[in-house]
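Commentary on secondary and tertiary structure
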Amino acid sequence: MQLKADPEKFDQLQQLFIREIIEQIRLKLTEAGFRDEALKEVTAHIAFSVASTIDDNAGIEAESVAVKPYLSFVTGDEQLVHGGENSYMHEYVADLITEIFDE
């Protein structure tokens, strides 16, 4: 597998990825009994937190080891696509929450 910088493709893939994360969070919270505005608000908070952690905004350190995630995606042609820098999915959460909950 070869690592390939493709910011446009990476942006598309990370948006699809965080959308799926939001949908899964919403499903599990619905199953747990959350509804209406509480469902939307808690989904947004959890999704933003998860995205920020993946985006390496959380400053994770355990046992004096810094944990620095770097997101990439496998494409159909067996390449690892990355954006040339850390992901920034957290920037899409608010707009996607609005879009998903207005569907």
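Structure first, text after, so check above.
A brief look at the structure comes next. The structure displayed is predicted, hence computed values, not measured ones.

**Re unusual backbone geometry**
- Unlike most non-glycine residues, Asp 36 shows phi in positive territory, near 55 degrees.
- In this structure Asp 36 comes out as exposed when scored by relative accessible area, which is 67%.
- Of note in this structure, Asp 56 is not a glycine but carries a positive phi near 70 degrees.
- As for its position among the elements, Asp 56 is in the loop between helix H2 (36-54) and strand E2 (60-62).
- By relative accessible area, Asp 56 is classed as buried at 17%.

**Structural notes on the packing of helix H1 (residues 7-31) against helix H3 (residues 93-101)**
- Look at H1 against H3: their axes get within 10 Å of each other, and the N-to-C directions meet at 55 degrees. Classed by the angle they form, the pair H1 and H3 counts as oblique. Helix-helix and strand crossings are classified by hand; for H1 and H3 the assignment is right-handed. Along the contact surface, H1 presents Gln 15, Ile 18, Arg 19, Ile 22, Glu 23 and Arg 26, while H3 presents Val 93, Leu 96, Ile 97, Glu 99, Ile 100 and Phe 101.
- When the residues that make up the contact of H1 with H3 are grouped by side-chain class, the tally is 7 nonpolar, 1 polar and 4 charged.

Parameters at a glance
- Residues numbered from 1 in each chain as written.
- Predicted model: local features only at pLDDT ≥ 70, side-chain atom pairs only at ≥ 80, totals over all residues.
- Heavy atoms only, no water.
- Buried < 20%, exposed > 50% of the residue type's maximum accessible area, 1.4 Å probe, protein only.
- Helix = DSSP H or I, 4+ residues; strand = E, 2+ residues; numbered from the N terminus.
- Axes fitted to C-alpha atoms, helices over the stretch in contact; angles between N-to-C directions.
- Parallel < 35°, antiparallel > 145°, perpendicular 65-115°, else oblique.
- Left-handed = near helix turned anticlockwise from the far one by under 90°.
- Contact = heavy atoms within 4.5 Å.
- Nonpolar A, V, L, I, M, F, W, Y, C, P; charged D, E, K, R; others polar.

Just geometry here; none of it tells us what the structure is for.
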